[in-house]
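# Examining the three-dimensional arrangement
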Amino acid sequence: MKNLRIGVMPAVAAIVLASCSNEADNPVNPEPPAEPVENVKSRVEAFVAENATTSFVYDDEGRISLVEISSSDYDGSSFIRASYTYPEDRDEIGLRYTTYTGSPVGENGTLSNYRTWDEVLTIEDGLIAYCEGVCDVREPNSTLNAKYRIEYSYDSERRLTTAKHYQWTRNYGDYDMDHPWIWYERFVWEKGNMIRHEDEAGGSSPKYIYNYIYNAWPAVDNIGPLVCGMFDAAHSPLHSAGYFGKASANLVSKINTINDLSVNGIKEFGYLFDDRGRIKSYRETYYSPNRYTSYIWRVDWKELSAT
């Protein structure tokens, strides 16, 4: 059985790129020039790196309506598009999410692999209680159609603690609803920060473990490297908006990653700030036993009309 949600919904900040550096674009954790501000009249419009762009579009009420991610490196190209709808008088969010990856094929240069998720996220007491959807996979050597459901649990402080995944694939033309594939994600918090994320990724024990270390600076803007590393690209903006509970109180400085093959990776972050205390750019540096990569993201801001 194929896990539809692991390895195919990349985090916004997880695209590995090479980039040049100079003093102006070399974040090294300087102290912010001003106290961070509550960005009620501005939102992140884009993350931009040498070979990748992540752009955000908002509706008239300041809610995320579209995310587009494009990247190109030695592994090929990818394009991701997630659109969001907010039906009136309903406690839900509609999400359509499509990924295109691989190398261009055919006369029109279409990327070889694509997957589409059609999903509805149900809100209870201001938080996403569960989401349900259907995923369609079209790859050169694989096609698959499956239903899924993810149930979310929170603690008394409205922080996400578990995500329980269900997946059903077709059996003789219909979904085998009596035999779901089940696995968990778990989130551990300490002093207002999420310090550990365990993901079973379709198994019965953690396959990926992420340990987080923070600096002392408040993470007022929730659309940042940590959020993008916690969730898939489609859910990250909803977490930033508070639909998945509280975000970590501080900016992340390091993530230690362990997977079931015992391959460890370390990702470090350095920041530059604008005169309003917002993140202007940040550097990600990734270390593993066989790899070193460092790259920079510029953060563009969009001013919103007061409502």
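Now for a description of the structure that goes with this document. Quick caveat: nothing in here was measured; it's all calculated off a predicted structure.

## Describing the overall build of the chain
A count of helical and extended segments in the chain gives two helices and 17 strands. When burial is assessed residue by residue, the chain has 49% of its 307 residues classed as buried. Pairs at least 24 apart in sequence give 49% of the contacts found in the chain among residues at least 6 apart. For the chain, the accessible surface area stands at approximately 15,300 Å², while carbon and sulfur atoms represent 47% of it.

## Some words on the packing of aromatic side chains
Per the stated rule, a full pass over the model turns up 14 aromatic pairs. Relative to tryptophan 297, the ring of phenylalanine 47 has its centre 6.4 Å away and its plane inclined at 80°; by these criteria the two rings are edge-to-face. On the criterion of sequence distance, the pair formed by phenylalanine 47 in strand 1 (residues 42-49) and tryptophan 297 in strand 17 (residues 291-303) is long-range, its members being 250 residues apart. Assessed through its relative accessible area of 1%, phenylalanine 47 is described here as buried. Ring centres of tyrosine 271 and tyrosine 282 lie 6.3 Å apart, and the angle between their planes is 40°; on these two criteria the pair is classed as tilted. Here tyrosine 271 is found in strand 15 (residues 264-273), whereas its partner tyrosine 282 is found in strand 16 (residues 279-288), with eleven residues between them in sequence. Note on accessibility: tyrosine 271 and tyrosine 282 belong to one class, buried. Members of the aromatic cluster, connected to one another through ring pairs, are Phe47, Phe56, Trp217, Phe269, Tyr271, Phe273, Tyr282, Tyr295 and Trp297.

## What about a nonpolar patch on the surface?
A cluster of nonpolar side chains, Ile266, Tyr287 and Tyr292, forms an exposed patch at the surface whose accessible area comes to about 290 Å². Within the secondary structure layout, isoleucine 266 lies in strand 15.

## Some words on the pattern of salt bridges
In the structure shown here, the tally under the stated rule is 15 salt bridges. Across the salt bridge formed by arginine 149 and glutamate 151, the nearest N and O atoms sit 2.8 Å from each other. The residue arginine 298 makes a salt bridge to aspartate 300 at a minimum N-O spacing of 2.8 Å. Taking the relative accessible area as the measure of exposure, arginine 298 reaches 41% and is therefore partly exposed. Residue classification places aspartate 300 among the partly exposed residues on the basis of a relative accessible area of 22%. The network of salt bridges with shared partners includes Asp59, Glu61 and Arg63.

Quick notes on the rules
Residues numbered from 1 in each chain as written. Predicted model: local features only at pLDDT ≥ 70, side-chain atom pairs only at ≥ 80, totals over all residues. Heavy atoms only, no water. Helix = DSSP H or I, 4+ residues; strand = E, 2+ residues; numbered from the N terminus. Buried < 20%, exposed > 50% of the residue type's maximum accessible area, 1.4 Å probe, protein only. Contact = heavy atoms within 4.5 Å. Areas by Shrake-Rupley, 256 points an atom, 1.4 Å probe, with all protein chains shown as cover. Phe/Tyr/Trp six-rings, centres within 6.5 Å; stacked < 30°, edge-to-face > 60°. Patch = residues over 30% accessible without salt bridge, like charges linked within 9 Å, V, L, I, M, F, W, Y side chains within 5 Å. Salt bridge = Lys/Arg side-chain N within 4 Å of Asp/Glu carboxyl O.

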